[in-house]
Amino acid sequence: MRRRVVISSTIGNALEWFDFTVFGLFAGILSKLFFPADNPHSSLLLTFATFGIAFAARPLGGLVFGLYSDKHGRKKALVVMISLMAAGTGLLGVLPTYGAIGIAAPLLLLLARLIQGFSAGGEFGSASAMLIEFAPPGRRGLYGSFQMVSQSLAFGLGAAMAIGLNLGLSADAFASWGWRVPFILGILIGPTGWYLRQKCDESPEFKAYLAEKAATAQPSRQTTLGQLFSEYPRELIASFCLIAAGTAINYVNAIFLPTYAVAELKLPILNAQLGLLVVSLVNAVVAVACGALSDRIGRRAVLVPALIIYSLLFYVILQRLVAAPTTANLWQLQIVAVLLGALAGPMPAFMTEIFPVGVRSTGASLMYNLAVMLFGGLAPFINTWLVQMTGDKAAPVYYILFAAAVGLIGLSVYRGRPAMPAVATQPAQ
């Protein structure tokens, strides 16, 4: 059952991130097909704005599905979410372009993104809660890391498909129908994930939580959203700040950097995609190793060094890349993102175990999606805007340094609680 839970959680999360990755990697062609304009930069900005605006639906989805998961169980919420995700992804694959239906095309594109954003909103909190609640004692970091393994594999799969389509198709064929292939494949992934999630048991920790509530004659009492904010402010702040840092690094590396390398540095898109593919696969291994390491030495002992070292190396190597825009320097910058695996591995366990079971999915989902909306979804747009407004091709450095500082502040705010009820989590390390 643990194996089934890991696989079903990984597939669902991978479907979410696969779509987001492909959308970012295909931003160049999508901007021409859905947002044609005289200025290519304007088209690209509109595409990235659509990418970012869709994230506005994620906090709402996180709140709705988080509350549903904390009331009715992780399993039921996860089954509904993967169905919606598959529908939104499939819609993207069959949309007519601007040339066929005019202004309706970008509006329908936005609708598809909003469906995806809403459904993906509760995925992180509920899936992470499911993973750590099934984990054996002392292995929550390891089990939670599979949440991030799925993201790394999704980035890798998205990059591999982009490389294969660019190499195997002519420019005309790719613009005509090739870009649709990854989105249509998402329809096939959905039913597989739905079937596996239907076959999973409910989390044993959540069932114990319900049993304790029943035993204390309070079966109908639910922790309200107001209580979540009044009783767990440090947990909420720490979760938000940590995800803000991680998601900024993630989206800059996986979504913004390949397009930036082509548009600003005039490097081949294939080289940027190859770098992303290699780093994503390596990060899957690093995330598992660092998740397990955090079970031994503590979450903070892994998270803090990863944030500091990454931001410093990003600063140095991006300056070098701007001064000498070569593929070798681009790959060096992408390789630095291996440290994202060290950050991502312990993150799901840290973010979920600091909340009691009754508010775990809601707290983690809400903070995760607010942070991803502000620091992740808008990252490509903000960094593109920064480069254009300042004229400084190294401007993304300041975004990364700011995000890393936010993450460190969040980790300093939360110091753990000395004791929690039996149905609550163990204090974070």
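Cut-offs used in this document
- Residues numbered from 1 in each chain as written.
- Predicted model: local features only at pLDDT ≥ 70, side-chain atom pairs only at ≥ 80, totals over all residues.
- Heavy atoms only, no water.
- Phe/Tyr/Trp six-rings, centres within 6.5 Å; stacked < 30°, edge-to-face > 60°.
- Helix = DSSP H or I, 4+ residues; strand = E, 2+ residues; numbered from the N terminus.
- Buried < 20%, exposed > 50% of the residue type's maximum accessible area, 1.4 Å probe, protein only.
- Contact = heavy atoms within 4.5 Å.
- Patch = residues over 30% accessible without salt bridge, like charges linked within 9 Å, V, L, I, M, F, W, Y side chains within 5 Å.
- Areas by Shrake-Rupley, 256 points an atom, 1.4 Å probe, with all protein chains shown as cover.
- Salt bridge = Lys/Arg side-chain N within 4 Å of Asp/Glu carboxyl O.
- pLDDT = per-residue confidence, 0-100.
- Expected span 1.5 Å × (residues − 1).
- Core = buried A, V, L, I, M, F, W, Y, C linked by side-chain atoms within 4.5 Å.

**Some points on the packing of aromatic side chains**
So, step 1. Enumeration over the complete set of coordinates arrives at eleven aromatic pairs.
So, step 2. On the numbers, 6.0 Å between centres and 15° between planes, the contact of phenylalanine 375 with phenylalanine 402 is stacked. In this pair, phenylalanine 375 sits in helix α20 (residues 357-377) while phenylalanine 402 sits in helix α22 (residues 396-413), placing the two residues 27 residues apart along the sequence.
So, step 3. What makes phenylalanine 375 buried here is its relative accessible area of 11%.

**So, the side chain of glutamine 334**
So, step 1. With respect to the element layout, glutamine 334 can be found in helix α17 (residues 327-336).
So, step 2. Filtering out sequence-adjacent residues up to four positions away, glutamine 334 remains in contact with Asn253, Leu257, Asn271, Ala272, Gly275, Leu276 and Val279.

**Some thoughts on the environment of proline 59**
So, step 1. With respect to the helices and strands, proline 59 occurs in helix α4 (residues 57-72).
So, step 2. Along the chain, proline 59 and alanine 371 lie 312 residues apart, while their C-alpha atoms are 9.0 Å from each other.
So, step 3. Beyond its immediate sequence surroundings of up to four residues, proline 59 is in contact with Leu366, Asn369, Leu370 and Met373.

**Observations regarding a nonpolar patch on the surface**
So, step 1. Nonpolar side chains collect at one region of the surface, where Ile308, Ile309, Leu312 and Leu313 lie side by side and expose about 330 Å² of accessible area between them.
So, step 2. We classify leucine 312 as exposed; its relative accessible area is 52%.

**Comments concerning unusual backbone geometry**
So, step 1. In this structure, lysine 266 is a non-glycine residue whose phi angle is positive, near 60°.
So, step 2. As for its placement among the helices and strands, lysine 266 is situated in the loop between α14 (233-263) and α15 (269-297).
So, step 3. The exposed category is assigned to lysine 266, whose relative accessible area is 65%.

**Examining the confidence of the model for the protein**
So, step 1. Summarising the model, the protein shows a mean pLDDT of 84, and 95% of its residues fall at 70 or more.
So, step 2. Least confident of the elements in the protein is helix α3 (residues 40-53), whose mean pLDDT is 78; most confident is helix α16 (residues 299-323), at 94.
So, step 3. Across residues 418-429, where pLDDT falls below 50, the model places 34 contacts with residues more than four positions away in sequence or in other chains.

**What to know about the pattern of salt bridges**
So, step 1. Per the stated rule, a full pass over the model turns up eight salt bridges.
So, step 2. The salt bridge partner of aspartate 70 is arginine 74, with a shortest N-O separation of 2.7 Å.
So, step 3. When its relative accessible area of 3% is taken as the criterion, aspartate 70 is described as buried.

**Side note on α4**
So, step 1. An ideal rise of 1.5 Å per residue puts 22 Å on 16 residues; α4 measures up with 22 Å between its terminal C-alpha atoms.
So, step 2. Within the sequence span of α4, burial applies to Ala57, Arg58, Pro59, Gly61, Gly62, Phe65, Gly66, Ser69 and Asp70.
So, step 3. Glycine 73, located one to two residues past α4, shows a positive phi value of around 115°.

**Brief notes about the nonpolar core**
So, step 1. Counting 106 residues, the largest nonpolar core has Phe26, Phe34, Trp179, Tyr251, Leu343 and Phe350 as the members making the most contacts within it.
So, step 2. In terms of residue count, the dominant contributor to this core is α14 (18 residues).
So, step 3. Among all residues touching leucine 343, those that are not within four sequence positions of it are Leu242, Gly246, Ile249, Leu303, Ala306 and Leu307.
So, step 4. Counting residues in each nonpolar core, the second largest holds 14 residues, with Val5, Phe65, Ala77 and Met130 among its members.

**A look at the environment of tryptophan 331**
So, step 1. Examined against the element boundaries, tryptophan 331 turns out to sit in helix α17.
So, step 2. Residue classification places tryptophan 331 among the partly exposed positions, given a relative accessible area of 35%.
So, step 3. Sequence spacing of tryptophan 331 and leucine 321 is ten residues, and the spatial spacing of their C-alpha atoms is 9.5 Å.
So, step 4. Ignoring sequence-local partners within four residues, the contact set of tryptophan 331 consists of Asn271 and Gly275.

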